[in-house]
Amino acid sequence: MSSAPTKAFASQADLTDKKITFEQLSAHCWAYTAEGDPNSGVIIGDKFIMVSDTTATPAMAQDLIAKIRTVSDKPIKYVLLTHYHAVRVLGASAYVAEGATEVIASQGTLELIIERGKEDMQSEMERFPRLFRGAEGVPGLTWPTLVIGGGDATRGEVPGKLTVDLGGVKVQIWSPGYGHTRGDTIAWVAEEKVLFSGDLVEYEAGVYTGDAQLEEWPATLEALRALRAEAIVPGRGEAMKGAANVDKALDYTKRWVETLYRCGQEAAAAKMDLKAAMAHTRKSMDPIFGQVFIYEHCLPFDVSRAFDEASGIKNPRIWTAARDKEMWDALQA
């Protein structure tokens, strides 16, 4: 009797281009979204432009730059890294030719680049071949030039905050707490009530939690809810307009995180092995989320992290290309 075929690793079988949407959300804020692929945000001032998340390679960034150039010829001076993942940051070098002089990140993100940026780069390139077209043009890791320090929001401390004036619009940037990573950083245009959340918030797409701090994430989402945003550019999924729809995205992400972590806690308490934890988690997650984009890609990484955190591994273990494959073969066969 032959065994069932293993599912294609991560997103290696996902080779179909997604439809790109570039839409204006307010006087100065734009969303670059792609049907569940990683999103970018754009804030266009009278003097300068800021891009939040750069795309995965300089070649892939050219489409975003071309979209921006249909509405403004101002220098793209600032690049914001909402976190350290390669698919978000390795396109940064493309913006130098467009006027970029500052790459902004939190202290937590800088620490993660130092700790695991190299391994993450190799791991993600193998997971997402379609998103890393032109990878040979990546000059190496993306390093911030402007690092935001300050207190740790998860300990009740006040995080450092940077305010950037783009001319006619000010952008507040800070790390609101742990979640998708321990370095997550948002951009908030208070006057227009537009939030650029990075992967702290997703909508109708897989919520990748392989490097997450699951216990703290729901509280961070509530800190974002307290901003009362009227539009949000999530990490994946469509831009959400109107306070009720912003809440919908926050609720979606919170439900994913809480359901996943509860299952991890139950599996750890029952002393299951990882494969049993996966089967246990599927009973709760599949009926709610099973049809969303990159669900099957995310779930094994998510279950691995939830099981680890519930077992007392507070700092996420580093994913390497070898660990990725080993885990995948164990859980997705």
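Our subject is the structure that appears above.
For clarity, every value in this text was computed on a predicted model and none was experimentally measured. (Residues numbered from 1 in each chain as written. Predicted model: local features only at pLDDT ≥ 70, side-chain atom pairs only at ≥ 80, totals over all residues. Heavy atoms only, no water.)

The element strand β5 (residues 76-80) is largely enclosed, with a buried count of four among its five residues. Sheet analysis places strand β4 (residues 49-52) next to β5, joined by four bridges and oriented parallel. Paired with Ser52 across the bridge in β5 is Leu80. Assessed by its sense of winding, the connection that carries the chain from β4 through helix α1 (residues 58-69) to β5 is right-handed. Examined bridge by bridge, β5 and strand β6 (residues 102-106) share three bridges and lie parallel to one another. (Buried < 20%, exposed > 50% of the residue type's maximum accessible area, 1.4 Å probe, protein only. Helix = DSSP H or I, 4+ residues; strand = E, 2+ residues; numbered from the N terminus. Pairing = 2+ DSSP bridges. Right-handed = clockwise from strand over helix to strand, strands pointing away.)

On to the sheet that holds strand β8 (residues 161-165), then. Ordered by their spatial adjacency, six strands build an open sheet running β8-β9-β10-β11-β12-β13, and the pairing between neighbours is mixed. Taken across any chain shown, the strands that pair with only one partner, and hence form the sheet edges, are β8 and β13 (240-241). Pairing between β8 and strand β9 (residues 170-174): five bridges, direction antiparallel. If you follow Leu162 over to β9, its bridge partner there is Ile173.

What follows covers the nonpolar core. Counting residues in hydrophobic clusters, the biggest one holds 45 residues, and the most contacted among them are Leu195, Val201, Leu214, Trp217, Leu224 and Trp256. Breaking this core down by element, the ones donating at least two residues are β10 (186-189), α4 (217-225), α5 (243-269), α6 (274-289), α7 (295-310) and α8 (321-331). No other element matches the ten residues that α5 contributes to this core. If sequence neighbours within four positions are ignored, Trp217 has contacts with Tyr178, Gly179, His180, Asp199, Leu200, Val207, Tyr208, Thr209, Ala212, Thr253 and Val257. (Core = buried A, V, L, I, M, F, W, Y, C linked by side-chain atoms within 4.5 Å. Contact = heavy atoms within 4.5 Å.)

In spatial order, the strands read β1-β2-β3-β4-β5-β6-β7; together these seven strands make up an open sheet with mixed pairing. Edge strands, defined here as strands with exactly one partner in the open sheet, are β1 (21-24) and β7 (146-148). Averaged over all pairs of adjacent strands, the angle between their axes in this sheet comes to 20 degrees, without regard to strand direction. As judged from the five bridges shared by strand β2 (residues 29-34) and strand β3 (residues 37-44), these two strands associate in the antiparallel manner. The residue of β3 that forms the bridge with Cys29 is Ile43. The sheet strands contacting α1 are β1, β2, β3, β4 and β5, and the helix crosses β4 at an angle near 145 degrees. Contacts between helix α3 (residues 107-127) and the sheet are confined to β6 and β7, with β6 contributing the most and set at about 95 degrees to the helix. (Axes fitted to C-alpha atoms, helices over the stretch in contact; angles between N-to-C directions.)

Once that is clear, we can look at α8. At 3.6 residues per turn, the α-helix brings residues three or four places apart onto the same side. Among the residues making up α8, those that are buried are Ala321, Arg323, Asp324, Met327, Trp328 and Leu331. Angularly, the buried residues of α8 cover 160 degrees about the axis, an arc narrow enough to put them on a single face. With respect to the buried face of α8, the exposed residues turned more than 90 degrees away are Ala322 and Glu326. Buried residues belonging to α8 abut α3, α6 and α7. (Arc of directions from axis to C-beta.)

Right, let's talk about unusual backbone geometry for a bit. In this model, Lys193 sits at a positive phi of 55 degrees, which is unusual for a non-glycine residue. Tracing the chain through its elements places Lys193 in the loop between β10 and β11 (194-198). Judged by its relative accessible area of 29%, Lys193 falls in the partly exposed class. If you check the backbone angles, Glu204 has positive phi at about 50 degrees while not being a glycine. Tracing the backbone shows Glu204 in the loop between β11 and α4.

Here we take up the packing of aromatic side chains. Tallied over the entire structure, the rule returns nine aromatic pairs. Summarising the aromatic geometry, the rings of Phe48 and Tyr78 are spaced 6.3 Å apart at their centres and angled 90 degrees between planes, so their arrangement reads as edge-to-face. Placement of the pair is Phe48 in the loop between β3 and β4 and Tyr78 in strand β5, with a sequence separation of 30 residues. Given a relative accessible area of 22%, Phe48 falls into the partly exposed group. Plain terms: the ring middles of Phe301 and Trp328 are 6.3 Å apart, the flat faces sit at 40 degrees to each other, and that makes the pair tilted. Here Phe301 is found in helix α7, whereas its partner Trp328 is found in helix α8, with 27 residues between them in sequence. Judged by relative accessible area, which is 2%, Trp328 ranks as buried. Between Arg127 and the ring centre of Phe301, over which it is positioned, the NZ or CZ distance is 3.9 Å. Taking the ring centre of Trp319 as reference, the NZ or CZ of Arg323 above it sits at 3.5 Å. (Phe/Tyr/Trp six-rings, centres within 6.5 Å; stacked < 30°, edge-to-face > 60°. Lys NZ or Arg CZ within 6 Å of the ring centre and 35° of its normal.)

Once that is clear, we can look at the pattern of salt bridges. Here the structure, examined in full by the defined rule, presents 27 salt bridges. Close ionic contact of Asp286 with Arg282 constitutes a salt bridge, the shortest N to O distance being 3.2 Å. Of this pair, Asp286 and Arg282 both sit in helix α6, four residues apart, which is roughly one turn of the helix. Judged by relative accessible area, which is 29%, Asp286 ranks as partly exposed. In this structure Arg282 comes out as buried when scored by relative accessible area, which is 17%. With a shortest N-O distance of 2.8 Å, Asp308 and Arg317 are connected by a salt bridge. A residue is classified by how much of its surface remains accessible, and Asp308, at 8% relative accessible area, is buried. (Salt bridge = Lys/Arg side-chain N within 4 Å of Asp/Glu carboxyl O.)

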